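Survey of secondary and tertiary structure
Listed here are the chains, written in short residue letters.
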Amino acid sequence: ILDMSFRKDGLYLANCSANEIMIWDFMEPGPAGKRPTVLGPFEKPIEKVSYQHSGKMLASFGQDGVILFWRPDLFDDQPIAIAGIREQSILT
């Protein structure tokens, strides 16, 4: 595990490990017996994941220089926005 971040309300934990992001569901009764949501695999390793300080957005940053913005509780395994070193665009 390279990095991890709890959502402010404590309901989800995101961690990155190599080329994947795992989202653990901590809603009652907790993560025991539940499978995490897996985002990826990505071409390059993910180095950082961080939930918004006062929101539900998750950001991830990889060795490829791409920042992905997620709402895994609403959109499953699809990012809602992407920003790169050379360009940025909003996915629809």
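Reference entry: report on the structure contained in this document.

Criteria and cut-off values
Residues numbered from 1 in each chain as written. Predicted model: local features only at pLDDT ≥ 70, side-chain atom pairs only at ≥ 80, totals over all residues. Heavy atoms only, no water. Helix = DSSP H or I, 4+ residues; strand = E, 2+ residues; numbered from the N terminus. Rg over C-alpha atoms; globule rule 2.2 N^0.38 Å. Buried < 20%, exposed > 50% of the residue type's maximum accessible area, 1.4 Å probe, protein only. Contact = heavy atoms within 4.5 Å. Salt bridge = Lys/Arg side-chain N within 4 Å of Asp/Glu carboxyl O. Pairing = 2+ DSSP bridges. Phe/Tyr/Trp six-rings, centres within 6.5 Å; stacked < 30°, edge-to-face > 60°.

1. With respect to the overall build of the chain
- Helix and strand counts for the chain come out as one helix and nine strands.
- In terms of overall dimensions, the chain is globule-like: its C-alpha atoms have a radius of gyration of 13 Å, near the 12 Å expected for 92 residues.
- With 92 residues in all, the chain has 30% of them scored as buried.
- Restricting to contacts in the chain with at least 6 residues of sequence separation, those with at least 24 account for 26%.

2. Some remarks on the pattern of salt bridges
- Applying the stated criterion across every chain yields a total of five salt bridges.
- Taking the shortest distance from any N to any O, the salt bridge between Asp-25 and Lys-34 comes out at 3.6 Å.
- Residue classification places Asp-25 among the partly exposed positions, given a relative accessible area of 25%.
- Classification of Lys-34 by relative accessible area gives partly exposed; the value is 28%.
- With a shortest N-O distance of 2.9 Å, Asp-73 and Arg-71 are connected by a salt bridge.
- For Asp-73, a relative accessible area of 29% corresponds to the partly exposed category.
- Under the relative-accessibility criterion, Arg-71 is labelled buried at 18%.
- A cluster of three or more residues bridged by salt bridges with shared partners is formed by Arg-7, Asp-9, Arg-71 and Asp-73.

3. Looking at the pairing of strand β1 (residues 3–6)
- Residue alternation in β1 divides its side chains into a buried set, Asp-3 and Ser-5, and an unburied set, Met-4 and Phe-6.
- Alignment of β1 against strand β2 (residues 12–17), held across four bridges, turns out to be antiparallel. Residue pairing across strands places Phe-6 opposite Leu-13, the latter belonging to β2.
- Between β1 and β2, which pair antiparallel in sequence order, lie five residues; one of them, Gly-10, sits at a positive phi of approximately 75°.

4. Here we look at the packing of aromatic side chains
- Scanning all chains against the criterion turns up two aromatic pairs.
- Between Phe-6 and Phe-26, the ring centres sit 5.1 Å apart and the planes meet at 70°, which makes this aromatic pair edge-to-face. A residue pair is termed long-range when its members are at least 10 positions apart, and Phe-6 in strand β1 and Phe-26 in the loop between β3 (20–25) and β4 (37–39) qualify at 20 residues.
- On the accessibility criterion, Phe-6 (43% relative accessible area) is partly exposed.

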